[in-house]
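Fold and contact review
Residue strings, one per chain:
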Amino acid sequence: MSLDTNTKNRQSHSLKPERQEFRQKLFNPLENEAVSPKKYYPKFKKNLKEFKKQASKLNFYPLGSHENYPGNYDNYVQMTLSHIQQINKLKFEYALEDKNLYKGVPDYSNQQRNGRKILLLDLDETLIHADFIREFANDKTNKYDAIVKFRETESDFEENNEESKEEFYEKRKMALEKLEEVKKEYRVGIFIRKGAKQFLAEVSKYFEVGIFTASVKEYADAVIDYLDPDKNMIKFRLYRNNCINVNDKIYVKDLRIIKGVDLKDIILIDNSMYSFTAQLTNGILINSFYNDKNDIELYNVLGYLLNFLLKVDDVRMINEQFFNFQKISNDIGENL
Ligand SMILES: [Mg+2]
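Predicted, not measured: the structure shown is a model, and the values here were computed from it.

Focus: the sheet that holds strand β1 (residues 118–121)
- Strand order in the open sheet formed by 5 strands is β6-β5-β1-β9-β10, and the pairing between neighbours is parallel. Each edge of the open sheet is held by one strand with a lone partner, namely β6 (236–238) and β10 (283–285). Each neighbouring strand pair of the sheet contributes to a mean axis angle of 25°, computed without reference to strand direction.
- The pairing of strand β9 (residues 266–270) with β10 spans 3 bridges and is classified as parallel. Directly across from Ile 269, in β10, lies its bridge partner Ile 284.

Some thoughts on unusual backbone geometry
- Phi angles above zero are rare outside glycine, and Asn 247 is one such case at about 55°.
- Counting through the fold element by element, Asn 247 comes out in the loop between β7 (244–246) and β8 (250–252).
- Asn 247 gets classed as partly exposed once you count the C-beta atoms within 10 Å, which come to 17.

A look at helix α8 (residues 217–227)
- Lys 217, Tyr 219, Ala 220, Ala 222, Val 223, Ile 224 and Leu 227 are the residues of α8 that are buried.
- For α8, the secondary structure elements touched by its buried residues are β2 (128–131), β3 (146–151), β4 (185–192), α7 (196–206), β5 (208–212) and β6.

A closer look at the sheet that holds β3
- In space, the 3 strands of this open sheet follow the order β2-β4-β3, with antiparallel pairing throughout. A single partner strand is all that each edge strand has here, and the edge strands are β2 and β3. Sheet twist, expressed as the average angle between the axes of neighbouring strands with direction ignored, equals 35°.
- By the bridge criterion, 4 bridges tie β2 to β4 in an arrangement that is antiparallel. From the neighbouring strand, Ala 130 faces β4, where its bridge partner is Ile 190.
- Strands β2, β3 and β4 of the sheet are contacted by α8, whose axis makes an angle of about 140° with β3.

Concerning the packing of helix α4 (residues 73–87) against helix α11 (residues 325–335)
- For the pair α4 and α11, interaxial distance at closest approach is 9 Å and the crossing angle is 65°. Between α4 and α11, the angle falls in the class roughly perpendicular. Where α4 crosses over α11, the two elements pack in a sense that is right-handed. Packed against α4, whose contacting residues are Val 77, Gln 78, Leu 81, Ser 82, Ile 84 and Gln 85, the element α11 presents Phe 325, Ile 328, Ser 329, Ile 332 and Gly 333 at the interface.
- A breakdown of the residues in the contact of α4 with α11 according to their chemical character gives 6 nonpolar, 5 polar and no charged.

Calculation criteria
Residues numbered from 1 in each chain as written. Predicted model: local features only at pLDDT ≥ 70, side-chain atom pairs only at ≥ 80, totals over all residues. Pairing = 2+ DSSP bridges. Helix = DSSP H or I, 4+ residues; strand = E, 2+ residues; numbered from the N terminus. Axes fitted to C-alpha atoms, helices over the stretch in contact; angles between N-to-C directions. Buried ≥ 20, exposed ≤ 12 C-beta atoms within 10 Å, placed from the backbone. Contact = placed C-beta atoms within 7 Å. Parallel < 35°, antiparallel > 145°, perpendicular 65-115°, else oblique. Left-handed = near helix turned anticlockwise from the far one by under 90°. Nonpolar A, V, L, I, M, F, W, Y, C, P; charged D, E, K, R; others polar.

Printed below as a string of structure tokens:
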């Protein structure tokens, strides 16, 4: 060990906790390398603020997932892509500076995937549908395919980049007190999309499978634990904090947060077109599932994945040939 390293270690051990925390802040979450706080921090906050300001000016009403039903596909695609035209005027690079986006995201520059492509699956209305309306009902009937239980925990309260540490801790303290008061345990009845478990078993043989949901961690974990009880099919889990929240209207799943994988090797299956906003050609849009026992969409998607995407060099080219999302979006742009 060199003298330099020794000196560094001594210094860091002698630092008070708050100084150590400050030192940690000097690391850029995007690059994992030290940057000057003067250079980085003011810009960081300014850009996020600017993103939120621009987003607040957007003027559209997002379609709900119930609009993505069989028979309404073309209409849904057209309408949502016309919204996405507007949303894409925002600078997503600014939003990508939010450090919360990177929590729990796998870094494939240090991790093996043996040439396998990354397959990201949405949860709600893609693999399952949860009946939140009756979340408190002590439903003992066998109406649902499963009932999952979860509790809210601290992780629901993400640090906001704009508020001070004090504000954040105060907010969290209040939230926890409230939680203590109600001691809430959620029970949620879920319907499983036909073939969901077989689908997971099959795709996990060929792809590096992750869940990417806009739901909160506690609920999502309960559902994912049910779908993959032995934890051998789903390699990683991304939640609401990993999505870019656009003005509380939509959650965008920007695939650039996954490090060490070219976008040509990432696929996202989702029932909401808005999830694809930042990378339209990586998306496979699936009809929303509620409780249709005759639904066979997962079988269709499985066929598409294995026959058309598994071996290709760039999934985006094939997706675009099939779905034309980019072309439709460009056409809408020209006609605006
Ligand atoms: Mg969904």
